[in-house]
Amino acid sequence: MARAVLDDYRDAIRRGAPLAEDPAHALADRAATLEVSLRPVLNATGVILHTNLGRAPLSDAAIEAMRAVSRGYSNLEFDLDGGERGSRFAHLEGLLRRLTGAEAGIAVNNNASALLLALSSLARGHEVVISRGQLVEIGGGFRIPDVMRQSGATLVEVGTTNRTYVRDYAEAITDDTAALLRVHASNFRVVGFTEQPRLEELGALAHERGLLLLDDVGSGALLDPRPYGLGGEPLVQDSVRAGADVVLFSGDKLLGGPQAGIAVGRRDAIEAMRRHPLARAVRLDKASIAALAATLQHYARGEATTTIPVWRMIAADAASLRRRARRWAQAARAAGATAEVVPARSMIGGGSLPEEGLDAFACAIEAPGGAAQALAARLRRGAPAVIARIEDGRVLLDPRTVDPREDATLLAALRAALASVR
Ligand SMILES: *Cc1c(COP(=O)(O)O)cnc(C)c1O
């Protein structure tokens, strides 16, 4: 293929024709006709919600639901009872209400757009009060103050980085204030001399003054991660109960579904978001709606920890992880490498539960000639690509984030990589 591209260029030069573009670009474009650049990889990093690797893998039911509505037509915006136009938002509302206890719910493209839509439709041209300890950057350049500016709401900062009191919010409220905003510090921890009001206190203040309380909880846990040895995350249903008027969260973090941003809360507030022109710009497509509905159904049926991959990985038992790591190490040794099972930490990732990990076992491989980077690169370039971690000069493979159904595929890729670095 490279030769064909170069032949074309030589030919063009000989004819004195203008050169269309950089040969490297031409080569990349031609390669794209043979293989799509976006493809599956095996995540052996032990980071469950790896943002660069596509965050949450979907359940079999969610994938089947996407397939079913993608093959042909669907009742995406069609009311089958009345035979007339319906709303794409209707497919999720019942589940969202049932699972969170909220009056209404809507799902859009991601949580960043849900927050932008909430601020644009509920606070544009007005002030929104937020603690200085919550003016966070989530990652990928997504900063709360920038989103505020985009929405046309005016940011009013109160308190300090480490301590903010209810009275700080109360003193900042003017005739122009539309809402109080709380943002969960998803990806960092402030420890030591700290203070943030409880959500109930903020809700009481907001409602006494006729304002809305918006709560961006980030990850959007519907299940408590603490029984699995992790720290607490704000639960969506707790925020609703505590008095937040709109609670915002992601679909593809701890919820374990497709990329989406979900807003649940008071009917009039959600209705205002739905009617805003931005709602059309950030709406979800039919496949994501199908996958999100199937994911939410797992929670409704009480089967989330056994069907949703993110929760299965969190709940994976140590003995089976160790068994798989041992099998992987055996395979590496059989391929001529030095390998053993080592204790490790799997991480949640995706800006959820920073500083916390799950006890794990990994397969640690001594790369031939000590070239861990070279072995990791070989694994990345294999088919399928395997993404590993390097620790203390060894390549670490964590079974927690690899579906056990993929073990044979992973071992074949590992053997091929080891054969090529030797
Ligand atoms: C992750 C996160 C977001 C952004 O969510 P996306 O779904 O990635 O757009 C917004 N707010 C908080 C608090 C987050 O943790």
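Here, residues in each chain are numbered from 1, in the same order as that chain's written sequence. Side-chain atom pairs in this predicted model are given and counted only at pLDDT of 80 or more, local residue features only at pLDDT of at least 70, and totals for whole chains, interfaces and linings cover all residues. Excluded from the side-chain calculations are hydrogens and water; all other atoms, namely the structure's heavy atoms, are used.

Draft legend 1. Here's a closer look at the overall build of the protein chain. Here a helix means four or more residues in a row that DSSP labels H or I, a strand means two or more in a row labelled E, and each is numbered from the N terminus. Of regular secondary structure, the protein chain possesses 17 helices and 17 strands. With the C-alpha coordinates of the protein chain rotated into their principal frame, the extents come out at 70 × 60 × 45 Å. Burial classes: relative accessible area under 20% of the type maximum marks a residue as buried, over 50% as exposed, and values in between as partly exposed (1.4 Å probe, protein chains only). Taken across its 422 residues, the protein chain has 50% of its residues classed as buried. Pairs of residues are marked as contacts when any of their non-hydrogen atoms sit within 4.5 Å. Look at the contacts in the protein chain between residues 6 or more apart in sequence, and 73% of them connect residues 24 or more apart. On the protein chain, roughly 20,100 Å² of surface is accessible, and the fraction owed to carbon and sulfur atoms is 50%. Note on areas: these come from Shrake-Rupley sampling with a 1.4 Å probe, and a residue is covered only by the protein chains present in the view.

Draft legend 2. How the structure looks around the domain arrangement of the protein chain. What the domain assignment reports for the protein chain is domain 1 (2–32), domain 2 (41–52 + 312–420) and domain 3 (60–307). Annotation comment: domain bounds sourced from an automatic or database domain assignment. Look at where the C-alpha atoms of domain 2 and domain 3 centre, and you get two points 34 Å apart. Facing the 15 residues of domain 2 at the interface are 19 residues of domain 3. When two parts are put together, the accessible area they lose, computed with a 1.4 Å probe and summed over both, is reported as buried area. Taking both sides of the interface into account, the surface hidden between domain 2 and domain 3 amounts to around 1,300 Å²; carbon and sulfur atoms contribute 62%. Of all residues in domain 2, Arg-312, Leu-353 and Pro-354 give up the largest surface area on contact with domain 3, accounting jointly for 34% of the area buried on that side. Only one rule defines a salt bridge in this text: a Lys or Arg side-chain nitrogen within 4 Å of an Asp or Glu carboxyl oxygen. There are 2 salt bridges connecting domain 2 and domain 3. With its nearest N and O atoms 3.1 Å apart, the salt bridge here joins Arg-405 to Asp-60. Any N or O atom pair separated by 3.5 Å or less is treated as a polar contact, with the protein-specific requirement of one donor-capable and one acceptor-capable atom, and with residues adjacent in sequence counted only for side-chain atom pairs. Applying the counting rule to domain 2 against domain 3 returns 3 residue pairs in polar contact (both at pLDDT 80 or more). Going through the elements one at a time, helix H14 (309–315) and strand S14 (352–366) are the ones with two or more residues in the side of domain 2 that touches domain 3. Of the residues in the side of domain 2 that touches domain 3, the class split is 7 nonpolar, 4 polar and 4 charged. Under the scheme applied, nonpolar residues are Ala, Val, Leu, Ile, Met, Phe, Trp, Tyr, Cys and Pro; charged residues are Asp, Glu, Lys and Arg; polar residues are all the others, including Gly.

Draft legend 3. Molecular detail of the sheet that holds strand S17 (residues 394–397). If you walk across this open sheet you meet the 4 strands as S13-S14-S17-S16, and the pairing is antiparallel. Looking at strand neighbours, the two that pair on one side only are strand S13 (338–349) and strand S16 (389–391), the edges of this open sheet. Averaged over all neighbouring strand pairs, the angle between strand axes comes to 45°, with direction disregarded. Both S16 and S17 contribute to a ladder of 3 bridges, which runs antiparallel. Paired with Ile-390 across the two strands is Val-395, which belongs to S17. The pairing criterion is simple: DSSP has to find at least two bridges between the two strands. Note on definitions: angles span 0 to 180 degrees between N-to-C directions of axes, and those axes are lines fitted to C-alpha atoms, for helices only across the stretch in contact.

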